[in-house]
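Chain residues, written in single-letter form:
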Amino acid sequence: MRVLLVGAGGVGTAVTRIAARRPFFDLMVVADYDPARAEAAVTAVGDDRFRAERVDAGDEAAVAALLARHGCDVLLNATDPRFVMPLFRAARKAGADYLDMAMSLSRPHPERPHEECGVKLGDEQFALAGEWEQTGALALVGMGVEPGLSDVFARYAADELFDEIEEIGIRDGANLTVDGYDFAPSFSIWTTIEECLNPPVVYERERGWFTTAPFSEPEVFDFPDGIGPVECVNVEHEEVLLVPRWVDARRVTFKYGLGREFIETLKTLHLLGLDRTAPVTVPGPDGPVAVSPRDVVAASLPDPATLGERMRGKTCAGTWVRGLKDGREREVYLYHVVDNQWSVAEYGCQAVVWQTALNPVVALELLATGAWSGSGVLGPEAFPARPFLDLLTEYGSPWGLREQ
């Protein structure tokens, strides 16, 4: 397998360090708009299967040409969601398979944003599914940790743990702290703003997909491995759009343990208009400059990839499921916990970006060996879960199951 990895930030760098320990690929081209970042990622692994390149993720022709020049079989997208569609189309143009960790962006309903869906996450990609299927190419979408591993857990529950599923709820929580910072998100603030301030989507079999107000339906969820109780709220996320396409459940939700202080900070950013992506004009030393307020916020905060040594605690991604098995009610939580101290010591990566990066590498290996195969635009639920979970354990990062 020959891979083009686009994006050498925190997650992309973690991908290289995880993949370097595995034999399933012949070449991984690491490409970034900043060539120094790509070079740094490649140099750090010290493996001649890796090469660094410069590319603008928004330039479809340049990305397609890079895929062709290196004879890459698959494009792994490790950029933020703004670049999903250019990279998705570039892979299709070059005849390569495609894999991402976040899907094409949503747009709220213009009149009823907190009741009805507008353009949903992934709609632009699924609209092109026929083209991919006709040519036998595969776009595996939403294959990070959430979405990704959480979706694999949903498929596993449907196949092996339940006869009927009443509800699937993704529940994400952590007890991470960052020394020396009052506010320092552990993941891309650009992406965090996008998913937390957009109207959350809920799925119900009788209603289909619908939306609620941001941070709605708070609940306290008790996370394993010492993390403990965390208040979780509804957040827009891909699993709610993916799971019902392949898994039969009456209701699907996603709730994120953000914490009261984090929620209030996001609300303040929204109140001040600092969550907007459209440029505003501000004075500059050489005249007016057009800048995106959200980009300014991101540039003002520390790079999450650099926080590993300052972070303490654990992060947990998981899927809570309730339903019936053999005529009896059952409720389980399938989960994956990463201790930041371990991930920094073992890989030099903070826990959140490492956990995100691990799962697409596992998926690539399954595709390379033929354990997973398919065509069209597919989510993780479209594939058997057991091979993935077994390989995840082989990578030295086991998962857990707790009866509720």
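Below, the structure is looked at part by part. (Residues numbered from 1 in each chain as written. Predicted model: local features only at pLDDT ≥ 70, side-chain atom pairs only at ≥ 80, totals over all residues. Heavy atoms only, no water.)

### Some points on the overall build of the protein chain
Cut-off, in case you're wondering: Put simply, DSSP marks the helices as runs of H or I at least four residues long and the strands as runs of E at least two long, and each gets a number from the N terminus on. This radius of gyration counts C-alpha atoms alone. The globule rule is 2.2 Å times how many residues there are, raised to the power 0.38. Note on classification: 1.4 Å probe, protein chains only; a residue is buried when its accessible area is under 20% of the maximum for its type, exposed when over 50%, partly exposed between these limits. In this description, contact between two residues means that some pair of their heavy atoms is separated by no more than 4.5 Å.
Regarding its fold elements, the protein chain presents 14 helices and 20 strands. Against the compact-globule benchmark of 22 Å for 404 residues, the protein chain has a radius of gyration of 20 Å, which places it among compact chains. With the principal axes as the frame, the protein chain shows a C-alpha extent of 60 × 50 × 45 Å. For the protein chain, the residues scored as buried account for 56% of the 404 residues in total. Of the contacts formed within the protein chain by residues at least 6 apart in sequence, a portion of 69% connects residues at least 24 apart.

### Points about the sheet that holds strand β4 (residues 74-77)
The criterion, for reference: The pairing criterion is simple: DSSP has to find at least two bridges between the two strands. Note on geometry: axes are C-alpha line fits, over the in-contact stretch for helices, and angles between N-to-C directions span 0 to 180 degrees.
Ordered in space as β3-β2-β1-β4-β5-β6-β19, the seven strands form an open sheet in which the pairing is parallel. Unpaired on one side and paired on the other, β3 (50-54) and β19 (376-378) mark the two borders of the sheet. Pairwise comparison of adjacent strand axes, ignoring direction, gives a mean angle of 20° for this sheet. Where strand β6 (residues 138-140) lies against β19, three bridges are found, and the strand directions are parallel. Within the sheet, the bridge partner assigned to Leu138 lies in β19 and is Gly376.

### Thoughts on the pattern of salt bridges
Inclusion rule: Any carboxyl oxygen of Asp or Glu that lies within 4 Å of a side-chain nitrogen of Lys or Arg is treated as forming a salt bridge with it.
Per the stated rule, a full pass over the model turns up 31 salt bridges. Here Asp80 makes a salt bridge to Arg82, at a shortest N to O gap of 2.6 Å. Exposure remark for Asp80: the relative accessible area of 16% places this residue in the buried category. Each of the salt bridges in this network shares a partner with another, and the network as a whole consists of Glu167, Arg171, Glu204, Glu217, Glu219, Arg251, Lys255 and Arg322.

### As for the nonpolar core
What counts here: Nonpolar cores are built from buried Ala, Val, Leu, Ile, Met, Phe, Trp, Tyr and Cys residues. Side-chain atoms within 4.5 Å join them into one set.
Of all hydrophobic cores here, the largest spans 90 residues; its most connected members are Met28, Val30, Leu140, Ile168, Leu258, Trp372 and Phe388. For this core, the element with the highest residue contribution is helix α13 (residues 351-369), accounting for eleven residues. For Met28, the contacting residues outside a window of four places in its chain are Val3, Leu5, Val15, Thr16, Ala19, Arg49, Phe50 and Arg51. Counting residues in each nonpolar core, the second largest holds 29 residues, with Val63, Leu66, Leu87 and Phe126 among its members.

### Description of the side chain of Arg294
Heads up, the condition is: Throughout this description, a polar contact denotes any pair of N or O atoms lying within 3.5 Å of each other; where both atoms belong to protein, one of them has to be capable of donating a hydrogen while the other can accept it, and for residues adjacent in sequence the pair is counted only when both atoms sit in side chains.
With respect to the secondary-structure elements, Arg294 resides in helix α11 (residues 293-300). Among the residues examined, Arg294 registers a relative accessible area of 6% and is labelled buried. In terms of polar contacts, Arg294 uses its side chain to reach the backbone carbonyl oxygen of Trp190, at 3.2 Å. One polar contact links the side chain of Arg294 to the main-chain carbonyl oxygen of Asp275, over a distance of 2.8 Å.

### Overview of unusual backbone geometry
Following Glu146, the chain continues to Pro147 via a peptide bond in cis, the omega torsion being 0°. The residue Pro147 is located in the loop between β6 and α7 (149-161) in this model. Even without a glycine there, the phi angle at Asp225 is positive, about 55°. With respect to the helices and strands, Asp225 occurs in the loop between β11 (219-223) and β12 (228-234). Looking at Asp225, the relative accessible area reads 42%, which means it is partly exposed. For Asp326, which is not a glycine, the phi torsion comes out positive at approximately 55°. Tracing the sequence through the fold places Asp326 in the loop between β17 (314-325) and β18 (328-339).

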